[in-house]
Amino acid sequence: MDLRIFTEPQQGATYDTLLTVAKATEDLGFDAFFRSDHYLRMGSVDGLPGPTDAWITLAGLARETKRIRLGTLMTAGTFRLPGVLAIQVAQVDQMSGGRVELGLGAGWFEEEHKAYGIPFPKEKFARLEEQLAIVTGLWATETGKTFDFHGTFYDLTESPALPKPAQAKVPVLIGGHGAVRTPRLAAQYADEFNIPFASIEDTERQFGRVRAAAEEAGRGADALTYSNALVACVGKDDAEVARRAAVIGREVDELKANGLAGSPAEVVDKIGRYAAAGAQRIYLQILDLDDLDHLELISSQVQTQLT
């Protein structure tokens, strides 16, 4: 079971804070550092000092880390033109020596689009499908040849399809709860399918849909990696769990029901139940980015029991 650290910087974080967490992620033996792609805070937090851009952040971290994978859960398709996104991700992959992964979603948070003047189209899912075709098509085009795409929303003519990523294949993540179109899109384009903040029962059901779609597409269900994203709140005792829950504005019982919360033993047990439902990788949503002791505890008392 891979454990990855997943951050939500729109809730309030500087680049220096993210760099500190990414370096701790690497030093403590976690597999990857991922971040959300949002420009507006959610909930009652103040969000200070303001948002950071996902791919600018990852470009910096690419030069400051050596081992961990780096990526997004999920880049909003509404934020970037697909040709530009292909260039950005390829460049960051080069900067990291081939450690980047692209999570790409349709975009959903209308308020942040209004706040920063970003168009919020109605046909987001159809656009996402074209975006995936373009980004992956550009990367797959042989050097020296050109790429053309003529869709409903995007039109590319004689693109040189450069630059190329350092990796022969940048892993693409697709996620969500959709019962029909999401599994079909994952089966066509994804190397990994991620379901965020889902129960064990919903996880098993959605993984089953994606596996069936992959078989129908002729890929085979095991061609994809299956993962969960879950909030983490771990403590060496009840008092520490309660303290960490209070800092992030959550109730312990709610966190235990909907995430990975409690003692290391409780969390290991619940991860085991997700594994039985088909999960191969867990993204631990860490909301208090100043609490590095939390990461150390998870590394020493949870991760060690899963390897």
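Remember, it's a predicted structure, so these values are computed and weren't measured experimentally.

(A) View of the overall build of the chain. A count of helical and extended segments in the chain gives 11 helices and 12 strands. In summary, the chain has a C-alpha radius of gyration of 19 Å against a globular reference of 19 Å for 307 residues, a match within 12%. Structurally, the chain occupies a C-alpha span of about 60 × 45 × 35 Å along its principal axes. Summed over its atoms, the accessible surface of the chain is roughly 13400 Å², and 51% of this surface lies on carbon and sulfur atoms. One way to put it: in the chain the 31 positive side-chain charges average out to a point 3 Å from where the 43 negative ones average out.

(B) How the structure looks around the pattern of salt bridges. In the structure shown here, the tally under the stated rule is 21 salt bridges. Of the charged contacts in the structure, one is a salt bridge between Arg 69 and Glu 101, with a shortest N-O distance of 2.8 Å. In this pair, Arg 69 is assigned in strand S3 (residues 69-72) and Glu 101 in strand S5 (residues 100-105), connecting sequence segments 32 residues apart. Exposure class is identical for Arg 69 and Glu 101. Each is buried. Between Glu 266 and Lys 256 there is a salt bridge; the shortest N-O distance is 3.3 Å. You can see Glu 266 sitting in helix H10 (residues 264-276) and its partner Lys 256 sitting in helix H9 (residues 252-258), a full 10 residues away along the chain. On the accessibility criterion, Glu 266 (35% relative accessible area) is partly exposed. By relative accessible area, which is 30% here, Lys 256 ends up partly exposed. Salt bridges linked by common partners bring Lys 236, Glu 240, Arg 243, Arg 244 and Asp 291 together as one network.

(C) Spotlight on helix H1 (residues 15-27). Relative to the 18 Å expected for 13 residues at 1.5 Å per residue, H1 spans 18 Å between its end C-alpha atoms, a close match to the ideal helical length. Every buried residue belonging to H1 is among Leu 18, Leu 19, Val 21, Ala 22, Ala 24, Thr 25 and Glu 26, and all of these are buried. In this fold, the buried residues of H1 make contact with strand S1 (2-7), strand S2 (32-35), helix H2 (54-64) and helix H11 (292-301). Just past H1, the residue Gly 29 takes up positive phi, approximately 90°.

(D) Representation of the packing of H1 against H2. Relative to each other, H1 and H2 sit at 45°, their axes nearing to 10 Å. Between H1 and H2, the angle falls in the class oblique. In this structure, H1 crosses over H2, and the sense of that crossing is right-handed. Side by side, H1 and H2 meet where Tyr 15, Leu 18, Leu 19, Ala 22 and Lys 23 of the first sit next to Thr 57, Gly 60, Leu 61 and Glu 64 of the second. Residue classes in the contact of H1 with H2 are distributed as five nonpolar, two polar and two charged.

(E) Spotlight on helix H3 (residues 82-96). Here H3 is 15 residues long and its end C-alpha atoms lie 21 Å apart, about the 21 Å a rise of 1.5 Å per residue gives. Buried residues along H3 sit in contact with H2, S3, strand S4 (75-76), S5 and helix H5 (124-140). Just downstream of H3, Gly 97 is the residue with a positive phi angle, here 75°.

(F) Molecular detail of the pairing of S1. Most of S1 is tucked away: five of the six residues are buried. Relative to strand S12 (residues 281-286), S1 runs parallel, the two sharing six bridges. Residue pairing across strands places Ile 5 opposite Leu 284, the latter belonging to S12. Where S1 meets S2, three bridges bridge the pair, whose relative direction is parallel.

(G) Up close: unusual backbone geometry. Following Leu 73, the chain continues to Met 74 via a peptide bond in cis, the omega torsion being -20°. Position of Met 74 relative to the elements: it lies in the loop between S3 and S4. A cis amide bond, omega 0°, links Leu 162 with the succeeding residue Pro 163. Despite not being glycine, Ala 161 shows a phi value in the positive range, around 55°. Within the secondary structure, Ala 161 sits in the loop between strand S7 (155-159) and strand S8 (172-175). Under the relative-accessibility criterion, Ala 161 is labelled buried at 3%. The phi dihedral of Phe 197 falls on the positive side, at around 55°, and the residue is not glycine.

The rules behind the values
Residues numbered from 1 in each chain as written. Predicted model: local features only at pLDDT ≥ 70, side-chain atom pairs only at ≥ 80, totals over all residues. Heavy atoms only, no water. Helix = DSSP H or I, 4+ residues; strand = E, 2+ residues; numbered from the N terminus. Rg over C-alpha atoms; globule rule 2.2 N^0.38 Å. Areas by Shrake-Rupley, 256 points an atom, 1.4 Å probe, with all protein chains shown as cover. Lys, Arg positive; Asp, Glu negative; His and termini not counted. Charge placed at Lys NZ, Arg CZ, Asp CG, Glu CD. Salt bridge = Lys/Arg side-chain N within 4 Å of Asp/Glu carboxyl O. Buried < 20%, exposed > 50% of the residue type's maximum accessible area, 1.4 Å probe, protein only. Expected span 1.5 Å × (residues − 1). Contact = heavy atoms within 4.5 Å. Axes fitted to C-alpha atoms, helices over the stretch in contact; angles between N-to-C directions. Parallel < 35°, antiparallel > 145°, perpendicular 65-115°, else oblique. Left-handed = near helix turned anticlockwise from the far one by under 90°. Nonpolar A, V, L, I, M, F, W, Y, C, P; charged D, E, K, R; others polar. Pairing = 2+ DSSP bridges.

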